[in-house]
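The lines below spell out each chain.
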Amino acid sequence: MTDKTNWTLLPFLRDSQGVPTTITACGLRLDIARQRLTGEDFNRLVEHCRARGVAEAHQRMVSGDIVNVSEKRAALHTSLRAWTPTVPKYDEVVHERKRMLEFATQVREGVWLGCRGDRITDVINIGIGGSEMGPHAVYHALRPSNPSIRLHFLSTVDGVLLERILDACNPRSTLVVVSSKSFGTRETLVNAAAVDQWLLDAGIVGADRARHMVVVSANAEAANQMCVPEENLFKFWDWVGGRFSVWGAVGLPLAIALGTDVFIEFLQGAAEMDRHSLTAPLEKNLPALLAMLAFWNASRLDIGSHCVLPYDERLRVIVPWLQQLEMESLGKNHTPDGRRIPGHTGQAVWGSNGNEAQHSFYQWLREGTGRSSIDLIWTEMPGHRYAEHYRVLLANARAQAEALIMRDPDNPCFNAVTAIVVDAVTPRRVGALMAMYEHKTTMLGTLFSINPFDQPGVELGKRLSRRAERGDDPKTAVAEEVMFK
């Protein structure tokens, strides 16, 4: 492979003959021509991926094997968007999906009303992490400019956000969705208690509360905990990780705010990408290609930064969603059996709206002293009627794809760029895009020899925060909680 010390001699993949650099599937086009490796490197990378059993590990995950070994669980987020009875857990998934979509339809059609007969005009999603980021990314991508039902995301335990949301809503026409896998997340419970008090202050008490609050959880006691009827509980399973959960009941606010047809199409787009990921050969498999190139960039080229730059306002919130997905999944340095991994694993994921970022941090990307891999994302169909705006925006995206890879050849710093072109930002394509990144992440778990489905560092932070609330000294708590081998 290329000598990693000869940075100035690094080629682009487009410089090699006989290597396809543009691959299309599920309405997405991947252009990897600006990645920094030779055709020979690429072929060897494909062989390494094959030798590591990436395709087989992916199939085991989708088939329901225990792949989350630390928690002894399957990871069956793909079953949440499946439509064939042969997939694991199909009957219970379909049953819960039907309940969820019927409820969403009742709210949208004015069958489910507030306790005083008001139509629901606002939905407050109370949840943090995976219970917020996925739904938020989808809503921002697909929401109409003037929605009939507005969706608000109460995530952080910060009274400023709480006040801003509550001041914009009328309690009599508001539905609250409290979403937590464990129903033990401190921030979510504190926010739920505050919103519950807001309902009580408006005279919504006793049985009336059931018209204004539902819960989404894997905890069977969640409904009792919030004092709502069992039928107000929508099920979340322990074999779905929080950051992979938007496809199930965590997506209930989306089905209400956007409509059940939109939500179903979103699921179908993800299912289409699932089929592609299972059947396409590695060299033409979109998520596998992204995983292989990320592995190459992190472990071979010492690129620790991955920047995501969507040139479409609708995809802005994909950036923090992907940040959680990859960094919570891949931010580990031990194998599941406790062996320390030499070298790099997951990259630091960051980014912004691409056009805005040109006037913010592109100077650092272009001439700074770092190395970054970059995903530039744009769409072939604008989401508006302003032709000149789209012409200028698209010109910027295409120009920056070249500008970001041009560096002084004597500079040891450089960038590697992948362009991802979406034919249109529709529910189906958003589903495919997000599923592609999910599969990239879990395939990277195989390549890095880590478990992408647990988050021990996050759990440690939760324990330390609870101790700090009780008045424990954080320094002492860390010393007692953390034991290095």
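This text gives an overview of the structure that appears in the document.

Cut-offs and rules
Residues numbered from 1 in each chain as written. Predicted model: local features only at pLDDT ≥ 70, side-chain atom pairs only at ≥ 80, totals over all residues. Heavy atoms only, no water. Core = buried A, V, L, I, M, F, W, Y, C linked by side-chain atoms within 4.5 Å. Buried < 20%, exposed > 50% of the residue type's maximum accessible area, 1.4 Å probe, protein only. Contact = heavy atoms within 4.5 Å. Pairing = 2+ DSSP bridges. Helix = DSSP H or I, 4+ residues; strand = E, 2+ residues; numbered from the N terminus. Axes fitted to C-alpha atoms, helices over the stretch in contact; angles between N-to-C directions. Salt bridge = Lys/Arg side-chain N within 4 Å of Asp/Glu carboxyl O. Parallel < 35°, antiparallel > 145°, perpendicular 65-115°, else oblique. Nonpolar A, V, L, I, M, F, W, Y, C, P; charged D, E, K, R; others polar. Expected span 1.5 Å × (residues − 1). Arc of directions from axis to C-beta. Phe/Tyr/Trp six-rings, centres within 6.5 Å; stacked < 30°, edge-to-face > 60°. Left-handed = near helix turned anticlockwise from the far one by under 90°. Right-handed = clockwise from strand over helix to strand, strands pointing away.

**A look at the nonpolar core**
So, point 1. Ranked by size, the top nonpolar core spans 107 residues in total, and within it F103, L252, I256, F266, M434, M436 and Y437 carry the most contacts.
So, point 2. Discounting residues that sit within four places of it in the chain, F103 has contacts with W112, L175, V214, F234, L252 and I256.
So, point 3. Core analysis: the second largest hydrophobic core is formed by 22 residues, F183, A192, V228 and L233 among them.

**Side note on the sheet that holds strand β2 (residues 28-34)**
So, point 1. The mixed open sheet is built from six strands, whose spatial order is β1-β2-β11-β10-β8-β9. Across the chains shown, the open sheet's two edge strands, defined by having one partner strand only, are β1 (22-25) and β9 (348-351). On average, each strand axis in the sheet is inclined to that of its neighbour by 20 degrees, with strand direction left out of account.
So, point 2. Against the sheet, helix α10 (residues 286-300) contacts β1, β2, β10 (372-379) and β11 (415-422), and its axis sits at roughly 30 degrees relative to β2.
So, point 3. Of the strands in this sheet, β8 (305-310) and β9 touch helix α11 (residues 318-330), which is tilted by about 180 degrees from β9.

**As for the side chain of S277**
So, point 1. As for its position among the elements, S277 is in helix α9 (residues 260-279).
So, point 2. Take S277: its relative accessible area is 5%, and that puts it in the buried class.
So, point 3. For S277, the residues in contact, after removing those within four places along its chain, are H58, N285, P287, H439 and M443.

**Some points on the pattern of salt bridges**
So, point 1. If you walk through the whole model with that rule in mind, you get 25 salt bridges.
So, point 2. With a closest N to O distance of 2.7 Å, E96 and R99 form a salt bridge. Of this pair, E96 and R99 both sit in helix α3 (residues 90-108), three residues apart, which is roughly one turn of that helix.
So, point 3. When its relative accessible area of 7% is taken as the criterion, E96 is described as buried.
So, point 4. Within this structure, R14, D31, R34 and E402 form a network of salt bridges that share partners.

**Quick word on the packing of helix α1 (residues 39-51) against α10**
So, point 1. In contact at an axis separation of 10 Å, α1 and α10 are set at 110 degrees when each is read in the N-to-C sense. As the angle between them shows, α1 and α10 are arranged roughly perpendicular. Touching D41, F42, L45, V46, H48 and C49 of α1 are L289, M292, L293, F295 and W296, all from α10.
So, point 2. Grouping the constituent residues of the contact of α1 with α10 by class yields nine nonpolar, one polar and one charged.

**Digging into α1**
So, point 1. The end-to-end C-alpha separation of α1 is 18 Å, in line with the 18 Å expected for 13 residues at 1.5 Å each.
So, point 2. Along α1, the residues classified as buried are G39, D41, F42, L45, V46 and C49. What you see down the axis of α1 is that its buried residues fit within an arc of 155 degrees, all on one side.
So, point 3. Each element contacted by the buried residues of α1 is listed here: β2, α2 (54-63), α10 and α15 (427-448).

**Points about the packing of aromatic side chains**
So, point 1. Here the structure, examined in full by the defined rule, presents eleven aromatic pairs.
So, point 2. Taken together, a centroid distance of 5.4 Å and an interplanar angle of 45 degrees make the contact between F103 and F234 tilted. Taken together, the residues span a long stretch of sequence, with F103 in helix α3 and F234 in strand β7 (residues 233-235) at a distance of 131 residues. The two residues F103 and F234 agree in class, both being buried.
So, point 3. Their ring planes at 50 degrees and their centres at 5.8 Å tell us that F244 and F453 sit as a pair that is tilted. A residue pair is termed long-range when its members are at least 10 positions apart, and F244 in the loop between β7 and α8 (252-258) and F453 in the loop between α15 and α16 (456-469) qualify at 209 residues.
So, point 4. Since its relative accessible area comes to 10%, F453 is described here as buried.

**Observations concerning the sheet that holds strand β5 (residues 174-179)**
The strands making up a sheet associate through hydrogen bonds between their backbones, and the pairing can be parallel or antiparallel.
So, point 1. The sheet built from five strands is open, its strands ordered β4-β3-β5-β6-β7 with parallel pairing. With partners counted over all chains shown, the strands left at the sheet margins are β4 (150-154) and β7, one partner each. Across the sheet, the axes of successive neighbouring strands diverge by a mean angle of 20 degrees, strand direction being ignored.
So, point 2. Packed onto the sheet, helix α5 (residues 159-167) meets β3 (122-126) and β4 and runs at close to 160 degrees relative to β4.

**Describing the packing of α2 against α15**
So, point 1. Two numbers describe how α2 lies on α15: the axes approach to 9 Å, and their chain directions differ by 120 degrees. Relative to α15, the element α2 is oriented oblique. Where α2 crosses over α15, the two elements pack in a sense that is right-handed. Within the contact between the two elements, α2 uses V54, A57, H58 and M61 and α15 uses H439, T442, M443, T446 and L447.
So, point 2. A breakdown of the residues in the contact of α2 with α15 according to their chemical character gives five nonpolar, four polar and no charged.

**Things to note about the pairing of β3**
Two faces, one strand: in a regular strand the side chains alternate between the faces of the sheet.
So, point 1. When you tally the buried positions in β3, you get five out of five residues, the bulk of the element.
So, point 2. Residues D122, I124 and I126 point to one face of β3 and V123 and N125 to the other, with burial holding for every one of them.
So, point 3. Bridge count between β3 and β4: five bridges; the pairing is parallel. In the sheet register, V123 faces β4, and the bridge partner there is L151.
So, point 4. What joins β3 to β4 is helix α4 (residues 133-142), and the crossover it makes is right-handed.
So, point 5. Here β3 runs beside β5; their pairing, made up of five bridges, is parallel. Pairing of I124 across the sheet is with V176, part of β5.

Treat this as a map of the structure, not an account of what it does.
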